[in-house]
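Topology and contacts: notes
Residues per chain, in single letters:
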Amino acid sequence: MRIAQVSTLYERVPPVAYGGTERVVSWLTEELVARGHELTLFASGDSLTRAELVPVCPRSLRDIEDTADPQAFHVAMLEQVVQRSGEFDIVHFHTDYASFPFGRRVRCPHLTTLHWRLDIPGLDTLYREFADMPLVSISDAQRAPLPDLAWQCTIYHGLPPGLLSFHPAPSDYLAFVGRIAPAKRPDTAIEIARRARARIEIAAKIDNGDRAYYERDIAPLMKQPHVCYRGELDDWHKNDFVGRARALLFPVDWPEPFGLVLAEALACGTPVIAFGRGSVPEIIDDGVTGFIVNTIDEAVEAVGKIDTIDRSRCRAAFEKRFTVARMAD
């Protein structure tokens, strides 16, 4: 098939460090190329791919977010997709609702995988206006606010099986991976570790929009002796960082649509202690690949029994449910 993949432009494809959507687009694109399909990737110019790359902007918008309008680049890209749509058998958008007005002009079948939350006020009005748009969800929980849209399927994210390796023997620290943002609750992760008398190491991105939150609420917590901030990590360093952790802490305070780091932890054999919000109950099997909790006290209790989780079962769950081959299928 002749397939167009349309990525967001905030990070390159694949990202150097943090970046969930663009990372998934890369894995899917490269897997489809390996299967013999003709792929065209609309992405930033610094992207790396075996597909035909259409470089919409010279480099990822993260590098120029303070000096440029990111939506201008996305609108220009989506118009390019429309103009070239006669060349493709299908167009796969990863730009959430930004593609909808353009999708009605595309001259071939198309679908949109939604990567973000749907419970924000105002989205219901927009999505109902475009209720004919065929959609893919990344978890069943993601659909809950708007269950009556043109959902085609739920497809969980999948990783290349060799990207992250199984670590049977962990070190003594707990890990937090993600963004330093209120919804991700790094402060809660730090508090869980403190009460559990455990070390916590944090590998996280600080967006410019979250800089004030970090300076006000998180930076002082980083000075505690049980906390170590590692900055952002690429895949090579993440493999060791996540794989050697006793557990991944995931105390999210929002309806997480998927949580890619959950699948990454399972790939390493690392169990997860997560608040049961959003997609978490679909990804983590309570008592088997980690513990699903509702409070800090429950999370602290889970730390105390985390060594009862068989790390090989975590890796087995990844291989069964969260590989790129399964996603591409």
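These remarks concern the structure in this document.

**A short note on the overall build of the protein chain**
- Secondary structure assignment for the protein chain yields 13 helices and 13 strands.
- Taken against the 2.2 N^0.38 rule, which gives 20 Å for 329 residues, the C-alpha radius of gyration of the protein chain at 20 Å falls within 12% of a compact globule.
- Across the 329 residues of the protein chain, 55% fall into the buried class.
- Of all intrachain contacts in the protein chain linking residues separated by at least 6 positions in sequence, the fraction that spans at least 24 positions is 63%.
- Here the protein chain has roughly 13,800 Å² of accessible surface; of this, 51% comes from carbon and sulfur atoms.
- Across the protein chain, 37 positive and 46 negative side-chain charges occur, with their mean positions spaced 3 Å apart.

**With respect to the environment of Asp-235**
- Mapped onto the elements, Asp-235 comes out in helix H8 (residues 235–243).
- Separated by 80 residues in the primary sequence, Asp-235 and Ile-155 place their C-alpha atoms 23 Å from one another.
- In this structure, Asp-235 is in contact with Arg-23, Leu-163 and Leu-164, ignoring residues within four places of it in sequence.

**Here's the deal with the pattern of salt bridges**
- Applying the stated criterion to the full structure yields 28 salt bridges.
- Across the salt bridge formed by Lys-184 and Glu-256, the nearest N and O atoms sit 2.9 Å from each other. In this pair, Lys-184 sits in the loop between strand S8 (173–179) and helix H6 (186–195) while Glu-256 sits in the loop between strand S11 (247–250) and helix H9 (260–268), placing the two residues 72 residues apart along the sequence. One exposure class covers both Lys-184 and Glu-256, and it is buried.
- Residue Arg-315 is joined to Glu-319 by a salt bridge in which the shortest nitrogen-to-oxygen separation is 3.0 Å. A residue pair is termed a helical-turn pair when its members lie 3 or 4 positions apart in one helix, as Arg-315 and Glu-319 do in helix H12 (residues 311–321) at four residues.
- By relative accessible area, which is 12% here, Arg-315 ends up buried.
- We classify Glu-319 as partly exposed; its relative accessible area is 46%.
- When salt bridges that share partners are traced, they join Glu-11, Arg-62, Lys-205, Asp-207 and Glu-232 into one network.

**Some details on the layout of surface pockets**
- Its boundaries defined by the atoms lining it, the second largest pocket holds a volume of some 400 Å³.
- What lines the second largest pocket is a set of 21 residues, among which Leu-28, His-92, Ile-155, Met-327 and Ala-328 lie closest to the centre.
- Among the residues making up the lining of the second largest pocket, the classes are represented as twelve nonpolar, seven polar and two charged.

**Quick look at the state of the cysteines**
- Counting across every chain of the model gives zero disulfides.
- This cysteine, Cys-228, is not joined by any disulfide, and Cys-268 carries the nearest cysteine sulfur, 18 Å off.
- Not part of a disulfide, Cys-268 finds its nearest cysteine sulfur in Cys-314, a span of 10 Å.
- The class of Cys-268 is buried, set by a relative accessible area of 0%.

Rules behind the numbers
- Residues numbered from 1 in each chain as written.
- Predicted model: local features only at pLDDT ≥ 70, side-chain atom pairs only at ≥ 80, totals over all residues.
- Heavy atoms only, no water.
- Helix = DSSP H or I, 4+ residues; strand = E, 2+ residues; numbered from the N terminus.
- Rg over C-alpha atoms; globule rule 2.2 N^0.38 Å.
- Buried < 20%, exposed > 50% of the residue type's maximum accessible area, 1.4 Å probe, protein only.
- Contact = heavy atoms within 4.5 Å.
- Areas by Shrake-Rupley, 256 points an atom, 1.4 Å probe, with all protein chains shown as cover.
- Lys, Arg positive; Asp, Glu negative; His and termini not counted.
- Charge placed at Lys NZ, Arg CZ, Asp CG, Glu CD.
- Salt bridge = Lys/Arg side-chain N within 4 Å of Asp/Glu carboxyl O.
- 1 Å grid on protein atoms, 1.4 Å probe; cavity = no way out; pocket = protein on both sides within 12 Å on 5 of 7 lines; lining within 4 Å.
- Points joined across faces, edges and corners; volume = space filled by probe spheres on them.
- Nonpolar A, V, L, I, M, F, W, Y, C, P; charged D, E, K, R; others polar.
- Disulfide = S-S within 2.5 Å.

Honestly, that's just the spatial picture; any functional story needs more than this.
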